[in-house]
Structures are given as structure tokens and as C-alpha cells.
Amino acid sequence: DLQLRNWDFVIGSVHFVDNLDVYYPEFWEGREPYHAILRSFEDTLTCVKNHDGYDVLGHLTYIGKSTSNPLKQPILYRDYREMADEIMKLLAQKGIGMEFNTSGMDACGDYLPGIEYLRRFKELGGEIVTVGSDAHHSNRVGQYCREACQIVQDIFGYVCTFADRKPCFRTL
């Protein structure tokens, strides 16, 4: 239960679709890549609709960095516009932010989600945006974050950090 501790920041993310981790080959078996990715967006929308209690949605296009994804390329906004817009509109309406994650840069050649998503999130009323490196190893902590912060600064004019579950809007 999140209420049992005093967290500064809670990030929600979707890794499993149809009870399978999208990072591993089992998820991709027998699936056409476009529909597998669309299914990931559908599941994310369901989660955003049905769950609260988190501050930011993490790495919206996480599925793009999967080593098992046969496309090995970024998840382009234009290919999933309708579903992405539904997710981002709902995040904005709920006052939930979006993470601009750098971990896809080496895995698929783009941020998670890409810059087009970030621009559209702002157009749809999104105000809270964070930057994260999703480092699972110490040598990746903060990787590409300087560049990501510059992009966020150019689009939003600030980047958010959190203290006691409240966003702090930081001009860089």
C-alpha cells in the first residue's frame, strides 16, 4: 500500500500485456508487430482509466525497447496517434504526468516516448513531465538526461521533480 510510506514520487508503468512481459519473446510469438504494439497501448489505456495513486506514467512506449521486438525501431506517434491521444488526454485530465525516458536511446534509437508524443501531450493539456534514465546498472544512471532535459525545456519551459508527491516545476 502506497499510503504506508512517505514517498516523494510514484511512477506507474505497464510491462505486462495479456499476462506476458512485452520485453520477452513469448509476448511476440504469433503476433504481428503493429497489433502487438497496439495491444500494448490498449492495455496502457485500460490501466490509466482504472488506476490512480501514481504521479507519472513511465515510458509510454516501453515496448519499443524490447530486444524481442522484431521491428528494432522507435514506436512512432503517427502510427498509434488515436490510442496515444486517448492515453495522454486522460493523463492530463487526471493531473498525472508523463515520463520522458532516455533508456530507449540505445535500445531503439529514441526516447520513450519520442519527442512527438511529448509535444502532443502538451497540446492535450499535459503539464507534468519528468525525465528518467531507467538505469538498471550504475553506469547508465542519468544517461542522455542532459539532452532530454533540453528537449523538455524547449517544449514545456521546465521539467518536473517531485517532493512529497507534489510536482515541482523547475526551469533549467
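Residues numbered from 1 in each chain as written. Predicted model: local features only at pLDDT ≥ 70, side-chain atom pairs only at ≥ 80, totals over all residues. Heavy atoms only, no water.

**Looking at the pairing of strand β7 (residues 159-163)**
Alright, step 1. As paired elements, β7 and strand β8 (residues 166-170) share 5 bridges and run antiparallel to each other. Its bridge partner lying in β8, Thr161 is registered against Cys168. (Pairing = 2+ DSSP bridges. Helix = DSSP H or I, 4+ residues; strand = E, 2+ residues; numbered from the N terminus.)

**Points about the environment of Asn69**
Alright, step 1. Considering the arrangement of structural elements, one finds Asn69 in the loop between β4 (56-57) and α3 (81-94).
Alright, step 2. The residues touching Asn69, leaving out its near neighbours within four places in the chain, are Trp28, Ile37, Ile63, Gly64 and Ile75.
Alright, step 3. Among the polar contacts listed, one links the side chain of Asn69 to the backbone nitrogen of Leu71, at a separation of 2.9 Å. (Contact = heavy atoms within 4.5 Å. Polar contact = N/O pair within 3.5 Å; in protein donor to acceptor, adjacent residues only side chain to side chain.)

**Brief notes about the pairing of strand β5 (residues 97-101)**
Looking along a regular strand, one sees the side chains alternate between the two faces of the sheet.
Alright, step 1. Of all the 5 residues making up β5, 5 are buried; the element is thus mostly covered by neighbouring parts of the structure.
Alright, step 2. Taking every second residue as pointing to the same face, both faces of β5 are buried, with Gly97, Glu99 and Asn101 on one and Met98 and Phe100 on the other.
Alright, step 3. Bridge count between β4 and β5: 2 bridges; the pairing is parallel. Across the sheet, residue Leu57 finds its bridge partner in β5, namely Met98. (Buried < 20%, exposed > 50% of the residue type's maximum accessible area, 1.4 Å probe, protein only.)

**A short note on the sheet that holds β4**
Alright, step 1. The strand order β1-β4-β5-β6 describes an open sheet built from 4 strands, whose pairing is parallel. Every other strand in the sheet has two partners, leaving β1 (11-12) and β6 (129-132) as the edge strands with one partner each.
Alright, step 2. Sheet analysis places β5 next to β6, joined by 4 bridges and oriented parallel. In the strand pairing of β6, Glu99 is matched with Thr130.
Alright, step 3. Where helix α5 (residues 115-123) meets the sheet, its contacts fall on β5 and β6, and the angle it forms with β5 comes to roughly 160°. (Axes fitted to C-alpha atoms, helices over the stretch in contact; angles between N-to-C directions.)

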